Amino acid sequence: MRRLGYKHFVAQGGDWGAVVTDLIGVQAPPELLGIHTNMPGAIPAEIDQASFAGQPAPAGLSAEERSSYEQLVFFYKQVYYAFEMGTRPQTLAALAVSPIGLATFLLDHDARSLELISRSFDGVNEGPTRDDFLDNVTLFWLTNTGVSSARLYWEYKGGFFSPKCVKVPAAVSVFPDELYHTPRNWAERAYPNLIHYNKLPKGGHFAAWEQPKFLTEELRVGFRSLRK
């Protein structure tokens, strides 16, 4: 950003971009005004560990926290694609030789995203279109990056949803079909300089793709107080 001549900037991310954005917030270069995330790294360590192990919900959780805990337990039971990429990414050779295999792998990210994306193939005019999805597959196919992109899961050694000790101003948007809902109290603990928190009426894990209007509005509102 400095080489591009920007004196100030903000950062935003979802999915892997959320992890990158959190870590930019940890680095906190002086030009960074703040960050926005729609997949917050905000799960308390004890909650993350217990949900990953599939244990019963810890005592003392609020109804909202218990709901988030159950979402995490469900997701961790479905995340075998990440285990494969995190342990043996080079064995996913089919992603480089079969466009159908690549498309299937990209489509079936998580249960709710599968529903939200595949509905376009049933004629529902909501979220990404069929061409949007095929464009995404084509980008991976023509650049032959299906396998190499999987290596990120193997190379990264940190936590996906855990707090990263971000101290810069942070804005959080919670979409209803995200992998887990972030309760406000978790967000406040993870981002002590929380300047915006909002729950949206629709949208999922790939919010920028599914609901760009909502996400754009969240960025404008979330960063409004940081404008120079």
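Our subject is the structure listed above.
Note that the coordinates shown come from a computational prediction; the quantities given were computed from them, not determined experimentally. (Residues numbered from 1 in each chain as written. Predicted model: local features only at pLDDT ≥ 70, side-chain atom pairs only at ≥ 80, totals over all residues. Heavy atoms only, no water.)

Enumeration over the complete set of coordinates arrives at 14 aromatic pairs. Ring plane angle 45° and centroid distance 6.0 Å describe the contact between phenylalanine 75 and tyrosine 76, whose orientation is recorded as tilted. According to the relative accessible area criterion, tyrosine 76 is buried, its value standing at 13%. Here the aromatic rings of tyrosine 153 and phenylalanine 160 are separated by 6.1 Å at their centres, their planes lie at 40°, and the arrangement is tilted. Every member of this aromatic cluster is reached through a ring pair, and the members are Phe52, Phe75, Tyr76, Phe83, Phe161 and Tyr180. Directly above the aromatic system of tryptophan 154 lies the positively charged group of lysine 157, at a separation of 5.3 Å from the ring centroid. (Phe/Tyr/Trp six-rings, centres within 6.5 Å; stacked < 30°, edge-to-face > 60°. Buried < 20%, exposed > 50% of the residue type's maximum accessible area, 1.4 Å probe, protein only. Lys NZ or Arg CZ within 6 Å of the ring centre and 35° of its normal.)

What follows covers the sheet that holds strand 4 (residues 194–199). Judged by pairing direction, the sheet is parallel, and its 4 strands sit side by side in the order 1-2-3-4 without closing on themselves. Of all the strands in the sheet, just strand 1 (9–13) and strand 4 have a single pairing partner and so form its edges. For this sheet, the mean angle separating the axes of adjacent strands, direction not counted, is 10°. Relative to strand 3 (residues 170–174), strand 2 (residues 32–37) runs parallel, the two sharing 3 bridges. Bridged to histidine 36 within strand 3 is alanine 171. On the sheet, helix 1 (residues 16–27) packs against strand 1 and strand 2 and is oriented at approximately 150° with respect to strand 2. (Pairing = 2+ DSSP bridges. Helix = DSSP H or I, 4+ residues; strand = E, 2+ residues; numbered from the N terminus. Axes fitted to C-alpha atoms, helices over the stretch in contact; angles between N-to-C directions. Contact = heavy atoms within 4.5 Å.)

A few words now on a nonpolar patch on the surface. Together, Met1, Leu4 and Tyr6 make up an exposed nonpolar region whose accessible area comes to about 350 Å². Mapped onto the secondary structure, methionine 1 falls in the segment before strand 1. On the basis of relative accessible area, methionine 1 is assigned to the partly exposed category, the value being 43%. (Patch = residues over 30% accessible without salt bridge, like charges linked within 9 Å, V, L, I, M, F, W, Y side chains within 5 Å. Areas by Shrake-Rupley, 256 points an atom, 1.4 Å probe, with all protein chains shown as cover. Salt bridge = Lys/Arg side-chain N within 4 Å of Asp/Glu carboxyl O.)

Attention shifts here to helix 8 (residues 130–143). Three or four residues apart is the spacing at which side chains of an α-helix point the same way, because the helix has 3.6 residues per turn. The end-to-end C-alpha distance of helix 8 is 20 Å, a good match for the 20 Å that 14 residues give at a rise of 1.5 Å each. Looking one or two residues past helix 8, asparagine 144 carries a phi angle of roughly 55°, positive in sign. (Expected span 1.5 Å × (residues − 1).)

It is worth spelling out the pattern of salt bridges at this point. Tallied over the full model, the rule gives 8 salt bridges. Two residues, arginine 112 and aspartate 177, come together in a salt bridge whose shortest N-O distance is 2.9 Å. In this pair, arginine 112 is assigned in helix 7 (residues 111–118) and aspartate 177 in the loop between strand 3 and helix 10 (184–190), connecting sequence segments 65 residues apart. Glutamate 155 serves as the salt-bridge partner of arginine 151, at 3.4 Å between the closest nitrogen and oxygen. Of this pair, arginine 151 and glutamate 155 both sit in helix 9 (residues 146–155), 4 residues apart, roughly one helical turn. Take arginine 151: its relative accessible area is 27%, and that puts it in the partly exposed class.

Moving on, we get to unusual backbone geometry. The backbone phi angle of asparagine 144 is positive, close to 55°, even though this residue is not glycine. Inspection of the secondary structure assignment puts asparagine 144 in the loop between helix 8 and helix 9. Residue cysteine 165 is not a glycine yet carries a positive backbone phi of 70°. Residue placement: cysteine 165 occurs in the loop between helix 9 and strand 3. Residue cysteine 165 is classed as exposed on the basis of its relative accessible area, which comes to 58%.

For the rest of this paragraph, the subject is the packing of helix 4 (residues 80–87) against helix 9. Contact geometry of helix 4 with helix 9 gives a least axis separation of 6 Å together with a crossing angle of 85°. When the axes of helix 4 and helix 9 are compared, the pair comes out roughly perpendicular. Here Tyr81, Ala82, Met85, Gly86 and Thr87 of helix 4 come into contact with helix 9, specifically with Ala150, Tyr153 and Trp154. Residue composition of the contact of helix 4 with helix 9, grouped by class: 6 nonpolar, 2 polar and no charged. (Parallel < 35°, antiparallel > 145°, perpendicular 65-115°, else oblique. Nonpolar A, V, L, I, M, F, W, Y, C, P; charged D, E, K, R; others polar.)

Mapped onto the fold, glutamine 71 is located in helix 3 (residues 63–77). With relative accessibility at 19%, the residue glutamine 71 sits in the buried group. At a separation of 2.8 Å, a polar atom in the side chain of glutamine 71 contacts the main-chain amide nitrogen of histidine 181. Sequence-distant contacts of glutamine 71, defined by excluding residues within four places in its chain, comprise Leu179, Tyr180 and His181. (Polar contact = N/O pair within 3.5 Å; in protein donor to acceptor, adjacent residues only side chain to side chain.)

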